[in-house]
Amino acid sequence: MTEIMHQQRLLLEWLVMAGNIAVSDSDNGSLLYKTQVECEKAGWIKLTQFGSGFFMAAITDLGKQVIRNRRTGSRDSEGPDRRRARTT
């Protein structure tokens, strides 16, 4: 499986939580634009013309599978996952 970068995972997680979003259809030099192009090339999202100057970004089944596999995959380090650790 292709290793997913942090910004790509963020975009995919965002699409899962928010549903379809509108993104720019022109290269404005932003990290979001570059990330959406990378994700579309990987087949993780689908971009369709939405209106003048915008695409509708929708996550694909492959994109959902990539982040699902990343969530359930092995961790790089031992010990508790600090992101989900409870504080008492």
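Provided above is the structure to which this section pertains.
Note that the structure is a prediction, hence the values are computed from the model and not measured. (Residues numbered from 1 in each chain as written. Predicted model: local features only at pLDDT ≥ 70, side-chain atom pairs only at ≥ 80, totals over all residues. Heavy atoms only, no water.)

Student: Explain the sheet that holds strand β3 (residues 54-59) to me, please; I cannot follow it from the model alone.
Tutor: Remark on secondary structure: sheet strands pair via backbone hydrogen bonds, oriented parallel or antiparallel. The strand order across the open sheet formed by three strands is β1-β3-β2, and the pairing between neighbours is antiparallel. Two strands close off the open sheet at either side, each with one partner strand: β1 (21-24) and β2 (45-51). Recorded for the sheet is a direction-independent mean angle of 40° between the axes of neighbouring strands. Here β2 runs beside β3; their pairing, made up of six bridges, is antiparallel. For Gln49, the partnering residue across the bridge sits in β3 and is Phe55. Each of β1, β2 and β3 is contacted by helix α1 (residues 6-18), which is oriented at about 85° to β3, the strand it contacts most. Sheet strands touched by helix α2 (residues 31-42): β1, β2 and β3. Its angle to β2, the strand with the most contacts, is close to 120°. (Pairing = 2+ DSSP bridges. Helix = DSSP H or I, 4+ residues; strand = E, 2+ residues; numbered from the N terminus. Axes fitted to C-alpha atoms, helices over the stretch in contact; angles between N-to-C directions. Contact = heavy atoms within 4.5 Å.)

Student: Explain the nonpolar core here, please?
Tutor: Counting residues in hydrophobic clusters, the biggest one holds 14 residues, and the most contacted among them are Leu12, Leu15 and Ile45. Element by element, the count of residues in this core is highest for α1, at three residues. When near neighbours in sequence (up to four residues on either side) are disregarded, Leu12 contacts Ile4, Trp44, Ile45, Ile59, Gly63 and Ile67. (Core = buried A, V, L, I, M, F, W, Y, C linked by side-chain atoms within 4.5 Å. Buried < 20%, exposed > 50% of the residue type's maximum accessible area, 1.4 Å probe, protein only.)

Treat this as a map of the structure, not an account of what it does.
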